[in-house]
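Below, each chain spelled out in residue letters.
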Amino acid sequence: MSTAAFAQLAPANSDVVASDSADQATTQPEAQDTGRDEGEEIIVTGSRIRRSSIAETSSPVQTLNDESIKSRGLANLGDIVSELPALSSRFSSGGSVTNGGAGLNLLDLRGLGPERTLVLINGRRQVASIASLNSVDINTIPIDLIERVEVVTGGASAIYGADAVTGVVNFILDDQFEGAKARLQTGISERGAAENSLVTLTLGHGFGGGRGHIVVNGEYARSSLLKANNANLRYRNGLYVTNPADTGPGDGQPARIFVSNIGVNFVPVGGGVAVGSPLSAPVLKFQEDGTLRPFNLGSPAYQGGTFGVRGDGLFFDDVLTLQPHLERKMVNLHSSFEFAQPWELYVEGKYSRTQSKVRTGAPLTFDQFNFLPLDQSNPFLTEQARSALAGLSGPLFLTRFSTDFGDNGANYERTLTRAVAGVRSSGKWVLDASYAFSRATTKQRNVADPLRARFARAVDAVTDVHGTLGVPGATVCRSRLEAPSSTDPDIASCVPINLFGNGAPSAAALGYILTESSIAERLQQDVASVSLTGPIFNLGDEPARLAIGAEYRKEQLRSTPDALLQAGATAQARAVPISGSFGVKEAFAELSIPLFQNRPFAFDLGVDGAIRYADYDLSGGNTSWQVNGWWAPIRDVRVRGTLSRAVRAPNLIELFQPQTGSQTFIADPCDRTLINNNPNRARNCAALGLPTGFSDPPNSRGVTLVQGGNPDLTPETSDSWTVGVALQPRFAPGFEMTVDYWNVRIRNVISFASRDSTLAGCVDGATLNDDFCRLIVRAPSGEVTNVFATRANLARRNASGIDFQLSYATRLERAGDLRFRLIGTYLDELTDLRVQNDPASRDPQRGEIGFPRWKLTGSVNWAMRPFNLTYSMRYIDRFTNGDQVALQTNPEAISPRYYSARFYHDVQVSFDISERIELYGGVNNLTDVAPPFGIPLTGVNFGFYDVVGRSFYLGARLKL
């Protein structure tokens, strides 16, 4: 077997390693005992063929071992893995707060979306925890049962099936652990926030005279909710606003500028008074006692006073959750038993329950809950307020962000059940047959959710002059006064609400208008698979190996909103039930051929190939393939490359979300008043059969806008390739370096098109664009009747870059062991084509928020028993929040804001009190680096930066 390597199981305390060599055996510290026999063959991520080590695969693999996970001191496994530069942090525990995934931790290779990153556990699939992104929640993977994590770059659908478009992250669990161990950890930030704790217990034991083994792991973790209004975080929101200095094109002034510390004046806390329009700048502000004073628009104020710096407006970060409250409980079981030589039965089981919550402060719906006509006869108005309002002319509006409506937000309860049963043989040829079942359920409860009908009745307050309802002069609901004998509970129980001032609503009024709404989602996955692997022939010193197999997978979804959500009766968006399923039958083959070993200029030379055919019961068949090669001219240098085609099948939400229609107004680009706005329109509109002078005046009539899923979607397809080199020079024992270039091109990307972009996209290109034209229905006379703004295979995504890693390990003379590691990614390109065949739709994203050019992680570890000291570093290159597309079209469109690069430093020290007890502690974000000042407050931005600040943790590991 070849000993040239580019990735190997990491020695203890090493973070990510590229290789290991026999020549280093005398200089490197003893590797951690994984409980596996020396020379035992393993399955390496990116291949189904058994190999002696990770060194024998030609795909670039980054490996994270259990010691590197321990050295980070974080209780959340997903946050640790997301620090690898190849992974984006957009959907980490903080990044997923506001995208419907609160409490989830999802992995996103290359920033191309978690739905294009396949997550495996012991090489097998697990059901997704969120249907819209079809991605596995890393919170359901036990942190203290990890043996290693392998990250493979490049399409791997030929090996694993759909969704491995950008690569695979495989969590290999230690199913051979022997003994008993426990871990206790607690942490808190320097400012007394972001408390967290972790407790784990793992038991492993052999039975049946060594023929069987069982491992059981339990885990409990908790982290507290962290809100952005913790002033010590120095975190204030920023927004783009119209530049008051802009006088027009060519003046050198950007049309829009970015301003930090800016509030939204038209939705103030406690209420403001606007004249003419609810979106205009308020002129008066309600104080807590119900009196009015002039509204402080801030200085400076922008856009007619609708936004202002440090004024009375709403600061979203006063109400936004940065990190959700999270509590998770989990039990895992792994067992195997050799019931007859060479046959072994194995089972895996898991139950995970996660509870999380986020708080949003109040509904922000830009309708009746934020904007109301102000009735000056409302009995809750104070005399001072009436006098102040009397001096105003024109329609008056109460504008309000109701933080006093209670603990508004959402609670999530997620459970996951997984069971695997299989049988496998040992020997030269290995047969493995298994069935895996997994089900994930989510119950979302929207708390303090106001009812629309009750709110409308409660705000319509009048005086019961004659005591019809009991007390003369009492403030009551008009609906109840006009129907005192009504048995309708909405009328009979109505309590009027006072909205004039923060804290003005009574507990009784809030009890009347507030409720809970909920939605339940269930995802289920069934996978039956069989594979056979073994040697077939020899061309060189080693045998060629073959893997063949078949798989059947079924995915099911059911999402059921309660009656309130289905009726659109609360402040939440109206929701409809969703159900659907699909099945796929697959056959695959993989061949690995070592050509030459130990020859001049061919120390190791070989090729791999794989192919998979998938037959979906909805979209039909597709083929994915992969070709790999490696060449080591000498044992110190290894060159490798991969070329692959991968697919992503539409997920259940994309396929089965019901299509709903609503009335809207449009501007038909083929109308005679608009047809000359683009040089291609006249020609393309004529190609549609429309006559010269066709008239369909803009916004003159309603058309049906259809939105939702699309059962006719086809799989996304990607072509990717990598090429790289690994160096492990014998003259520098312990030193390793790898450099890999990667390139991914994804076609037929599933995306939405807006109403207007669909209409324009049909006729504005050089020729008619059928991707858009088929979404438009015209009457025989030519007028548009329907526009389908549903999901469609419209776009393209391109990405490329360079990964590199350096590592060095040595044993110091009488001074312990020293290890160094640096791993980084340079993003060369990240581009969306919103219309895949239209170069004009190109949207470059490299360097924008979430997609830095450079990301680095590094560590230095020194170990000399009983002490162990680890320093870790992370680097994130600068971002801009500027829209590069807008700047290409018009250099004066916006003023881009750049956020400077960030370095984070972490330290951990551990001490072995005895063979059975290890104490450890550390500091994360040692230099207390704050997030960039004024970063826009969207949830996906939280994951990139440490919003907690300097934090501390202490823990103990026990061998029982």
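In the block above lies the structure referred to throughout.
Right, let's walk through the structure included here. Please read all numbers here as calculations on a predicted model, not as lab measurements. Residue numbers run consecutively from 1 along every chain, following the written order of its sequence. Under the rules for a predicted model, residues below a pLDDT of 70 receive no local features and side-chain atom pairs below 80 are neither given nor counted, while totals for whole chains, interfaces and linings still include all residues. Hydrogens and water are ignored here; the side-chain numbers use all heavy atoms of the structure.

With respect to a nonpolar patch on the surface
Part 1: A contiguous nonpolar patch, built from Phe867, Leu869, Val909, Phe911, Ile913, Ile917 and Leu919 and spanning about 570 Å² of accessible area, is present on the exposed surface.
Part 2: When residues of the nonpolar patch are traced back to their parent elements, those giving at least two are β48 (867–876), β51 (902–912) and β52 (917–924).
Part 3: For helices the rule is a DSSP run of H or I covering at least 4 residues; for strands it is a run of E covering at least 2, with both sets numbered from the N terminus onward. Tracing the sequence through the fold places Leu919 in strand β52.
Part 4: Each residue's exposure class comes from its accessible area (1.4 Å probe, protein chains only) as a fraction of the maximum for that residue type: buried when under 20%, exposed when over 50%, partly exposed otherwise. Residue classification places Leu919 among the partly exposed residues on the basis of a relative accessible area of 39%. For patch building, the residue pool is restricted to those with more than 30% relative accessible area and no salt bridge; the joining distance is 9 Å between like charges and 5 Å between nonpolar side chains (Val, Leu, Ile, Met, Phe, Trp, Tyr). In these tables, accessible area is a Shrake-Rupley quantity obtained with a 1.4 Å probe, and a residue counts as shielded only by the protein chains included in the view. Should a side-chain nitrogen of Lys or Arg be within 4 Å of a carboxyl oxygen of Asp or Glu, the pair is scored as a salt bridge.

Details of the sheet that holds strand β21 (residues 301–302)
Part 1: Strands were regarded as paired on the criterion that DSSP finds at least two bridges between them. Strand order in this open sheet of three strands is β17-β22-β21, and the pairing throughout is antiparallel. Strand pairing shows two members of the sheet lacking a second neighbour, β17 (262–264) and β21, which therefore form its edges.
Part 2: As judged from the two bridges shared by β21 and strand β22 (residues 307–309), these two strands associate in the antiparallel manner. Looking at β22, one finds that Tyr302 is bridged to Phe307.

A word on the environment of Leu326
Part 1: With respect to the helices and strands, Leu326 occurs in strand β24 (residues 325–340).
Part 2: Overall, the relative accessible area of 5% leaves Leu326 in the buried class.
Part 3: Between the alpha carbons of Leu326 and Gln355 there is a distance of 5.8 Å; along the sequence they are 29 residues apart.
Part 4: Sequence-distant contacts of Leu326, defined by excluding residues within four places in its chain, comprise Asn76, Gly103, Asn139, Ala221, Arg222, Ser223, Thr354, Gln355 and Ser356. Throughout, a residue-residue contact means that at least one pair of heavy atoms, one from each residue, lies within 4.5 Å.

Concerning the state of the cysteines
Part 1: Disulfides are defined as pairs of cysteine sulfur atoms found within 2.5 Å of each other. One pass over the full model with this rule turns up three disulfides.
Part 2: Sulfur-sulfur distance for the disulfide between Cys670 and Cys685 comes to 2.0 Å. The chirality of the disulfide connecting Cys670 with Cys685 is left-handed, given an S-S dihedral of about -85 degrees. One end of the pair, Cys670, is in the loop between β38 (660–665) and α11 (681–687); the other, Cys685, is in helix α11, with 15 residues separating them in the sequence. For the pair shown, Cys670 and Cys685 are each scored as buried.
Part 3: Each sulfur in the disulfide pair Cys762 and Cys773 lies 2.1 Å from the other. Handedness of the Cys762-Cys773 disulfide follows from its S-S torsion of about 95 degrees: it is right-handed. Within this pair, whereas Cys762 is found in helix α12 (residues 755–763), its partner Cys773 is found in helix α13 (residues 770–773), the two being separated by eleven residues in sequence.
Part 4: A relative accessible area of 15% means that Cys773 is categorised as buried.

Quick word on the pairing of strand β12 (residues 196–207)
Part 1: The pairing of strand β11 (residues 179–189) with β12 spans nine bridges and is classified as antiparallel. Each bridged residue has a counterpart across the sheet, and for Leu184 the counterpart in β12 is Val199.
Part 2: Between β11 and β12, which pair antiparallel and follow one another directly, the connecting turn spans six residues, one of which, Gly192, has a positive phi of 80 degrees.
Part 3: With twelve bridges joining them, β12 and strand β13 (residues 212–223) adopt antiparallel strand pairing. In the strand pairing of β13, Leu201 is matched with Gly218.
Part 4: Hairpin connection, β12 to β13: the antiparallel pair is bridged by four residues, and Gly208 has positive phi, about 65 degrees.

Let's talk about unusual backbone geometry
Part 1: Here the amide bond leading from Ser299 into Pro300 is cis, since omega sits at 0 degrees, within 30 degrees of zero.
Part 2: With respect to the secondary-structure elements, Pro300 resides in the loop between β20 (292–294) and β21.
Part 3: Look at the link from Arg865 to Pro866: it is a cis peptide, with omega at 10 degrees.
Part 4: Mapped onto the fold, Pro866 is located in the loop between β47 (854–864) and β48.
Part 5: Phi is positive for Arg110, close to 65 degrees, though the residue is something other than glycine.
Part 6: The backbone of Asn925 shows a phi angle near 55 degrees, a positive value even though the residue is not glycine.
Part 7: Within the secondary structure layout, Asn925 lies in the loop between β52 and β53 (951–959).

With respect to α12
Part 1: All of the buried residues along α12 are Thr758, Leu759, Ala760, Gly761, Cys762 and Val763.
Part 2: Contact partners of the buried residues in α12: α11, α13, β42 (776–778) and β43 (784–788).

Section: the pattern of salt bridges
Part 1: This model, assessed by the stated rule, comprises 46 salt bridges.
Part 2: The shortest N-O distance in the salt bridge between Glu67 and Lys70 comes to 3.6 Å. Within this pair, Glu67 and its partner Lys70 are both found in helix α1 (residues 66–70), separated by three residues, close to a single helical turn. In this pair, the class of Glu67 matches that of Lys70, namely buried.
Part 3: Put simply, Asp906 and Arg874 hold a salt bridge, and the shortest N to O gap is 4.0 Å. Remark: Arg874 occurs in strand β48 and Asp906 occurs in strand β51; sequence separation between them is 32 residues.
Part 4: Residue classification places Asp906 among the buried residues on the basis of a relative accessible area of 2%.
Part 5: Three or more residues joined by partner-sharing salt bridges are found here, namely Glu115, Arg116, Arg648, Glu654 and Glu716.

By themselves, these are just geometric observations and shouldn't be taken as functional.
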